[in-house]
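Residue-level structure breakdown
If you want the building blocks of each chain, they are given just below.
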Amino acid sequence: MHMADALVSPAVGGTLWAASAALTFYSARAVRRQAREALIPLMGVMGAFVFAAQMINVAIPGTGSSGHLGGGLMLAILLGPQAAFLVMASILAVQALFFADGGLLALGCNIFNLGFFGAFVAYPLVYRPVAGDGASAKRCSLAALLASIVALQLGALGVVIETVASGITELRFSTFALLMQPIHLAVGVIEGLATAAVIAFVRRARPEVLLVVPWPVSRGSNRLLFGGLLAATLLVGGVLSWFASSHPDGLEWSIFKLTGGEELALPDDSLHQQLASLQERSAVLPDYSFQSAEAEAEADEAQAWPAVSAGTTVSGMVGGALTLCLACAIGFILRWQGSSRRAAG
Amino acid sequence: MRAESRWLELGQMDDAARMDSAVHRLDPRAKILVTLAFLVVVMSFSRYTLSALTPLLFYPLVLIALSRVPLLPLARKLVWAAPFALLVGAFNPLFDREPMLHLGGWTISGGWISFANIGIRFILTVSAALVLIATTGMHRLCAGMERLAVPRVLVAQMLFLYRYLFVVSGEGSRMVRAAQLRAGASALSLRVYGTLVGMLLLRSLDRAERVHQAMLARGFEGSLRRLDAHSFGWREAAFVLGWLSFFAVARVWNLATLLGSAAMRAGG
Amino acid sequence: MNASALEVSDLRFAYPDGTLALREVSFRVSPGEAVGIVGANGAGKSTLLLHLNGCLAPQRGSIHIAGEQLDSASLKSVRRRVGLVFQDPDDQLFMPSVEEDVAFGPLQAGLPMEEVERRVVGALQEVGLLHCRTRPPYRLSAGEKRAAALASVLALSPSVLVMDEPSTHLDPRARRRLIELLGALAQTRLIATHDLELVVEVCSRVLVLSEGRIVADGPTRSVLNDEPLMLAHGLERPHILQHHHPHRD
Ligand SMILES: Nc1ncnc2c1ncn2[C@@H]1O[C@H](COP(=O)(O)OP(=O)(O)OP(=O)(O)O)[C@@H](O)[C@H]1O
Ligand SMILES: [Mg+2]
């Protein structure tokens, strides 16, 4: 499930962009350190493979449903976690750009949800321990299944937390989570079965392919990996607790309880304060009042909405419509001019 | 089938990117920076903002007009991408029933306004991303990213990813067609699926090996050097400064309301 | 003392899985000569060609390019002098556009921009593909891909051109153009192919490879006309020779 641009607030989008960028730089460095120049075309072609495989559907027996490979886990098995993370990031970027899946603001969230959890959590902490040395076909299949489920559950939880923390929608945490997690359990099982089927084939046909990634990865990068994990956990935990503490009534987002200039109740913690001040500066949750005077609307034109009065409302609507017409008109004129100039020249 | 039409779409975007216009010719860095600024500005508005967001539509529309990329494929993609955001946003009117606006006899709740806000945001951010790729194309975008200090490994393998998307997916769809003709079903059974996708995987591995050999054969030594005719000149500077100041103005003043009240004063 | 453009002596190669692909392969090629390499599927043609610019390292025996032995020290300079055109042009055209692909080699060699540009235009002109300059490789027809792959190698101005099955997937007209192009090139050419008529038209000499060994090496027409030899190694006499009058050769 892709997180969508329209649902992300600057604080959440920015935080996850930062996290994904950090992971990208770390992974790029790790890949460069491996000094396997053959890895670059390999990563690219494997990315293309995952893209293509995502379009091939598998029927799940007895259910009438179908699904496909997610790819993150498969890539981690073939390329190692760092290279897999980079490939997933590229796949998501291409999807965001060409198919508008998710979008650019939410790209950080999507890279984190679909790249990080698969490559840096499900693969090293679930797949590798369960699969062991890869000698047993059953264990490999089980590992693929479990790791896919874990990756999908964490990814879906990521979507829920990011959406609720962004506060653009009215969905409550519990409602949204109850909606998303079971669906993604099913998706995870399908993905797991698909991945296990592919791995089973490759194990039989060319087992050496599954053994190219050394394990454990060198100690230095392991430390970095776990450092990254720790940082990410703190980050997520921080966002969560800030969120929970600012909304004491459980994790329910109810923006109207925050009206009337009430200050957010912040714990005495610099990270929290920074996040909150970032949030305030970027004005995603500007204070507003319903019956505010015209004077206030005048004083603060930038927030004329929702500090509304009948006058600004109507002029806003008229102006919005006019703006739309104007934008379209200018578009047409520019285009018409361009083509006539071309025809003349 | 969705998948097939997706490839057509990919091709359309690629065609659009290979057109020629002043916008296409701009250094990709300028377009990347302006797009990012645009997204941040859109994101920074409150979730009850409607009219103040409308002037921002100028950005994608003017770029589409100047670059003459076809509008229809972009619009179609916008529609394709809509469901999830709108689905999630559709809960707002349900949960947020607090009245917010009184227009004549009508009362509009905050939920409907924030729902509309999600819709406008969606149109703005998605069209900005589509315009970026439609006027820049993957390979120029990669060149721009590289010059903006995005890690080279990422950029280089992204180029390969894009290049071999077409090759590998063609291979994949031929294999699927062959399997479907024999199986008669549209989705494959788990066994057939494992074999087919596994084969595709092994072929892709071989492909990567041959590509690497072909690179070595032409003197590849680890870093990808590319033709890049772009430079950041006064056009780019004007493009970036112009749009950034427009975004700043649109962020600070509600241009739509100003225009509306001016129009009403003139009218009444 | 060494007038040959290319000399292979006693080459042997086994793949990691144990397949012995080449055993005791020796031959030499004079500058400007066009040599065809024919043989059944799996005879070892591709394996041999991959050795000629160091994509595979000989396990025994040696390769000399214009007198210089191919080893890790000479690898760079040899790769600049031996251009290898791969069997599948999709493997070779890995850059996003034709011009970038043709420019890849010269750019890697560190040539200045003007020189790179000159080479790109020159090579594309030579194969008649200048109009496809900015197109992405996946938008080319099979024949155009083939030509682009050839241009990407010609741009390095190699003295030896090595080609693996250049005429597969080509329609008759594209194949004809390719044959004319190959015939007109001045470089030393080694062409591995199943297209015996192409060999007849382009190459003056032919090597027959079978199970990793050279079983015949001689003038094209006399080797390809040797029906028992051809049949014994999974080949057949090309039609073009069957209809010719003997006195013409
Ligand atoms: N990567 C590889 N691993 C193991 N064996 C291989 C590999 N590539 C080729 N072989 C084997 O080496 C032998 C020679 O193969 P090669 O590809 O050189 O033949 P060829 O003459 O080019 O055949 P074709 O006409 O089909 O292209 C064959 O027996 C083949 O199965
Ligand atoms: Mg071959």
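Residues numbered from 1 in each chain as written. Chains lettered and ligands numbered in written order. Predicted model: local features only at pLDDT ≥ 70, side-chain atom pairs only at ≥ 80, totals over all residues. Heavy atoms only, no water.

**A closer look at the overall build of chain A**
Within chain A one finds 11 helices and two strands. Reading the secondary structure of chain A in the N-to-C direction produces α-α-β-β-α-α-α-α-α-α-α-α-α. Within chain A, contacts between residues at least 6 apart in sequence are counted, and of these 69% link residues at least 24 apart. Accessible area for chain A stands at about 13,900 Å²; split by element, carbon and sulfur atoms hold 66% of it. (Helix = DSSP H or I, 4+ residues; strand = E, 2+ residues; numbered from the N terminus. Contact = heavy atoms within 4.5 Å. Areas by Shrake-Rupley, 256 points an atom, 1.4 Å probe, with all protein chains shown as cover.)

**Comments concerning a nonpolar patch on the surface**
Residues Val249(B), Val252(B), Trp253(B) and Leu258(B) make up a contiguous nonpolar surface patch of about 330 Å² in total accessible area. Secondary-structure assignment places Val249(B) in helix α12 (residues 234-252). (Patch = residues over 30% accessible without salt bridge, like charges linked within 9 Å, V, L, I, M, F, W, Y side chains within 5 Å. Salt bridge = Lys/Arg side-chain N within 4 Å of Asp/Glu carboxyl O.)

**Describing the nonpolar core**
Within soluble globular proteins, side chains that are nonpolar generally end up buried alongside one another. Formed by 209 residues in total, the largest nonpolar core has its most connected members in Phe49(A), Leu79(A), Phe98(A), Tyr127(A) and Leu56(B). Considering every element that reaches this core, the biggest residue donor is helix α10 (residues 152-183) of chain B, with 17 residues. The residues that make up this core include at least three from each of domain 1 (2-136 + 233-267) and domain 2 (151-227) of chain B. When neighbours within four sequence positions are excluded, Phe98(A) is seen to be in contact with Leu10(B), Met13(B), Lys77(B), Leu130(B), Ile133(B), Met138(B) and Tyr162(B). Val38(C), Leu93(C), Leu150(C) and Ile179(C) belong to the second-largest nonpolar core, a separate cluster that totals 48 residues. (Core = buried A, V, L, I, M, F, W, Y, C linked by side-chain atoms within 4.5 Å. Buried < 20%, exposed > 50% of the residue type's maximum accessible area, 1.4 Å probe, protein only. Domains from an automatic or database assignment.)

**Concerning the interface of chain B and chain C**
At the interface, 29 residues of chain B touch 34 residues of chain C. Interface area for chain B against chain C, summed over the two sides, is near 2,900 Å², with a carbon-plus-sulfur share of 54%. When the area that chain B buries against chain C is broken down by residue, the three leading residues are Arg163(B), Arg218(B) and Leu227(B), summing to 30%. Inspection of the region where chain B meets chain C yields six salt bridges. Asp90(C) is the salt-bridge partner of Arg163(B), the closest N and O atoms lying 2.9 Å from each other. Between chain B and chain C we count 10 residue pairs in polar contact (both at pLDDT 80 or more) in total. Those elements that place two or more of their residues in the side of chain B that touches chain C are α1 (2-17), α10 and α11 (190-217) of chain B. (Buried area = accessible area lost by both parts, 1.4 Å probe. Polar contact = N/O pair within 3.5 Å; in protein donor to acceptor, adjacent residues only side chain to side chain.)

**A short note on the sheet that holds strand β10 (residues 213-219) of chain C**
Residue and element names in this part refer to chain C. Sheet architecture is open: six strands sit in the order β6-β7-β8-β3-β9-β10, paired in mixed fashion. Each edge of the open sheet is held by one strand with a lone partner, namely β6 (82-85) and β10. Going from strand to strand, the sheet's axes swing by 15° on average, the running direction of each strand aside. When strand β3 (residues 34-38) meets strand β9 (residues 205-210), the two strands line up parallel, connected through four bridges. Each residue of the ladder has a partner; that of glycine 36, found in β9, is valine 206. Contacting β3, β6, β7 (160-164), β8 (188-192) and β9, helix α1 (residues 45-52) runs over the sheet at an angle of about 150° to β7. (Pairing = 2+ DSSP bridges. Axes fitted to C-alpha atoms, helices over the stretch in contact; angles between N-to-C directions.)

**Things to note about the pairing of β7(C)**
The buried fraction of β7(C) is high, at five of five residues. Of the crossover connections in this fold, the one passing from β7(C) over helix α7 (residues 172-184) of chain C to the parallel β8(C) is right-handed. (Right-handed = clockwise from strand over helix to strand, strands pointing away.)

**Focus: the packing of aromatic side chains**
Where two aromatic rings form a pair, the distance of their centres and the angle of their planes describe that pair. This structure, assessed with the given rule, holds 22 aromatic pairs over all chains. Relative to Trp243(B), the ring of Tyr59(B) lies with its centre 4.9 Å away and its plane at 80°, an arrangement referred to as edge-to-face. Taken together, the positions of Tyr59(B) in helix α4 (residues 58-67) and Trp243(B) in helix α12 put the pair 184 residues apart, joining distant regions of the chain. Of the residues examined, Trp243(B) reaches a relative accessible area of 14% and is grouped as buried. Three or more aromatic residues joined by ring pairs make a cluster, and in this case those are Tyr26(A), Phe85(A), Phe112(A), Phe116(A), Phe117(A) and Phe120(A). A cation over an aromatic ring shows up here: Arg251(B) above the ring of Phe45(B), its NZ or CZ 4.4 Å from the ring centre. (Phe/Tyr/Trp six-rings, centres within 6.5 Å; stacked < 30°, edge-to-face > 60°. Lys NZ or Arg CZ within 6 Å of the ring centre and 35° of its normal.)

**Re the site of ligand 1**
Residue and element names in this part refer to chain C. Taken together, 14 residues lie around ligand 1, and Gly42, Lys45, Ser46, Thr47 and His194 are the ones closest in. Here a nitrogen atom of ligand 1 sits 3.5 Å away from a polar atom, N or O, in the side chain of tyrosine 15. Between an oxygen atom of ligand 1 and a main-chain N or O atom of glycine 42, the distance comes to 2.8 Å. Starting from 630 Å² of accessible surface for ligand 1 in isolation, the protein chains cover 65%. (Near = heavy atom within 4 Å.)

**Brief notes about the pattern of salt bridges**
For the coordinates displayed, the defined rule picks out 29 salt bridges over all chains. Put simply, Arg152(B) and Glu146(B) hold a salt bridge, and the shortest N to O gap is 3.2 Å. One continuous salt-bridge network, built from bridges that share partners, spans Glu171(B), Arg203(B), Arg207(B), Arg210(B), Asp88(C) and Asp91(C).

**Focus: the sheet that holds strand β2 (residues 20-29) of chain C**
Residues and elements named next belong to chain C. Taking strand neighbours across the sheet as the criterion, the four strands line up as β2-β1-β4-β5 in an open arrangement whose pairing is antiparallel. Both edges of this open sheet fall to β2 and β5 (68-69), since each of them pairs with a single strand only. In this structure, strand β1 (residues 6-14) lies alongside strand β4 (residues 60-65), joined through five bridges in antiparallel fashion. Looking at β4, one finds that arginine 12 is bridged to arginine 60.

**Observations concerning the confidence of the model for chain A**
When pLDDT is low, close inspection of the predicted coordinates is not appropriate. Residue and element names in this part refer to chain A. Here chain A averages 71 in pLDDT, and 61% of its residues register 70 or above. Element-level mean pLDDT values for chain A span from 36 in helix α10 (residues 294-299) up to 91 in helix α3 (residues 72-79). Within the model, pLDDT remains below 50 along residues 243-308, and this stretch shows 109 contacts once partners closer than five positions in the same chain are excluded. (pLDDT = per-residue confidence, 0-100.)

**Describing α11(B)**
The end-to-end C-alpha distance of α11(B) is 40 Å, a good match for the 40 Å that 28 residues give at a rise of 1.5 Å each. At the C-terminal side of α11(B), Gly219(B) shows a positive phi close to 90°. (Expected span 1.5 Å × (residues − 1).)

**A few points about the packing of helix α3 (residues 28-44) of chain B against α12(B)**
Residues and elements named next belong to chain B. Close contact between α3 and α12 brings their axes to 9 Å; oriented N to C, the two are set at 5°. The pairing of α3 with α12 is recorded here as roughly parallel in orientation. Between α3, through Ala30, Lys31, Val34, Ala37, Phe38, Val41 and Ser44, and α12, the contact on the second element is made entirely by Glu236, Phe239, Val240, Trp243, Leu244, Phe247 and Arg251. Residue composition of the contact of α3 with α12, by class: 10 nonpolar, one polar and three charged. (Parallel < 35°, antiparallel > 145°, perpendicular 65-115°, else oblique. Nonpolar A, V, L, I, M, F, W, Y, C, P; charged D, E, K, R; others polar.)

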